[in-house]
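Each chain, letter by letter, is given below.
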Amino acid sequence: MERGDLILDKICIRRLEVYAYHGVYEEEKRLGQKFYITAELELDTRKAGVTDDLQASVNYGEVCQRMAEWTKKNRRKLIEAAAEDLARYLLLQYPMVRKVTLELEKPGAPVPYAFDTVLVHIARSRHRALLGIGSNLGDRQMNLAAAIQLLDTVPDVKVLKRSAFYETAPYGYTDQPAFINGCLEIETLYTPEELLVLLHDIEHKLGRTREIHWGPRTVDLDILFYDDLILDTPDLQIPHIDLANREFVLKPLSDIAGTFRHPLLNQTVNELLAVLKKKNK
């Protein structure tokens, strides 16, 4: 996670020249051309600045070498795809880097007009997401463990924290077995929509069916928060709807993110839980 609201430091590499083979046309794929890469790596360099220790920062010489080698080896039709994959590669290779901003220039692009350069500019970051997890069918503990294991094997996801598991009565549709519920904190490179697809895929692999709204399930994975994002689409609502009225969510969430502030309600998880407990007395 970033250092609160502080702006992170940057290591900048300007217009690294690479000869590579990205392009749609056969001539581009066969003959290749020059590309220029500009990269801004956002990280906390305070420790490196104080200690003068390379291990506390990122070796920009190594970054240049890796970017050049990756760009030469991995061919893409579009510079958009090349930039996307290179940004992901850098974030996976350098865990202390929180955000990568890339410009990939193609000055020799096959365009029949006079121009200086063609480039794509993208910024990609690590994101903090808080997830709810539950099960009330079969071996509930095993279901939850399997879901967490599947989640943690995805390169673009890292499970940072997990709460205790709590047995709770069903919510909404009550004619079903008791649940075991918990929460997870993850770091991810996925967008919210991509993360939702991943969670549904894990649910499907573990036998989840969607026959009854709020009905029994082998495993349930929900996005509760994603950074401080507010999102409302037909497929996804963040923060998770009705979260403030669900003690079975707030209780395990308080274990791992009690001070996290709800971006709409402007209350922390701990405050929401205290209000709900008082209300339910």
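Described in the following lines is the structure provided in the data block. (Residues numbered from 1 in each chain as written. Predicted model: local features only at pLDDT ≥ 70, side-chain atom pairs only at ≥ 80, totals over all residues. Heavy atoms only, no water.)

A closer look at unusual backbone geometry
What counts, and what does not: In this text, helices come from DSSP runs of H or I with a minimum length of four residues, and strands from runs of E with a minimum of two, each type numbered from the N-terminal end. To sort residues, take the accessible area from a 1.4 Å probe on protein chains only and compare it with the maximum for the residue type: under 20% means buried, over 50% means exposed, and anything in between is partly exposed.
Residue Pro-239 is reached from Ile-238 by a cis peptide bond, and omega for that bond is 0 degrees. Considering the arrangement of structural elements, one finds Pro-239 in the loop between β11 (237-238) and α7 (247-257). In the Ramachandran plot, Arg-15 falls in the positive-phi region, its phi being about 50 degrees despite a non-glycine side chain. The topology assignment puts Arg-15 in strand β1 (residues 9-20). For Arg-15, a relative accessible area of 43% gives the class partly exposed.

Some thoughts on the sheet that holds strand β4 (residues 119-125)
As a reminder, the rule being used: Pairs of strands are assigned from DSSP output, requiring at least two bridges between the strands. A fitted line through C-alpha atoms represents every axis, and for helices the fit uses only the stretch in contact; the resulting angles, taken between N-to-C directions, go from 0 to 180 degrees. Contact criterion: two residues are considered in contact whenever any of their non-hydrogen atoms come within 4.5 Å of each other.
Taken in spatial order, the four strands line up as β1-β2-β3-β4 in an open sheet, and their pairing is antiparallel. Edge positions in the sheet fall to β1 and β4, since each of these pairs with one other strand and no more. Here the average twist between neighbouring strands, direction ignored, is 15 degrees. Of the strand pairs in this sheet, strand β3 (residues 99-105) and β4 are connected by seven bridges, and their pairing is antiparallel. Note on β4: the bridge partner recorded for Leu-102 is Ile-122. Strand contacts of helix α3 (residues 60-73): β1 and β2 (33-43), with the helix running at about 35 degrees to β1, the strand carrying the most contacts.

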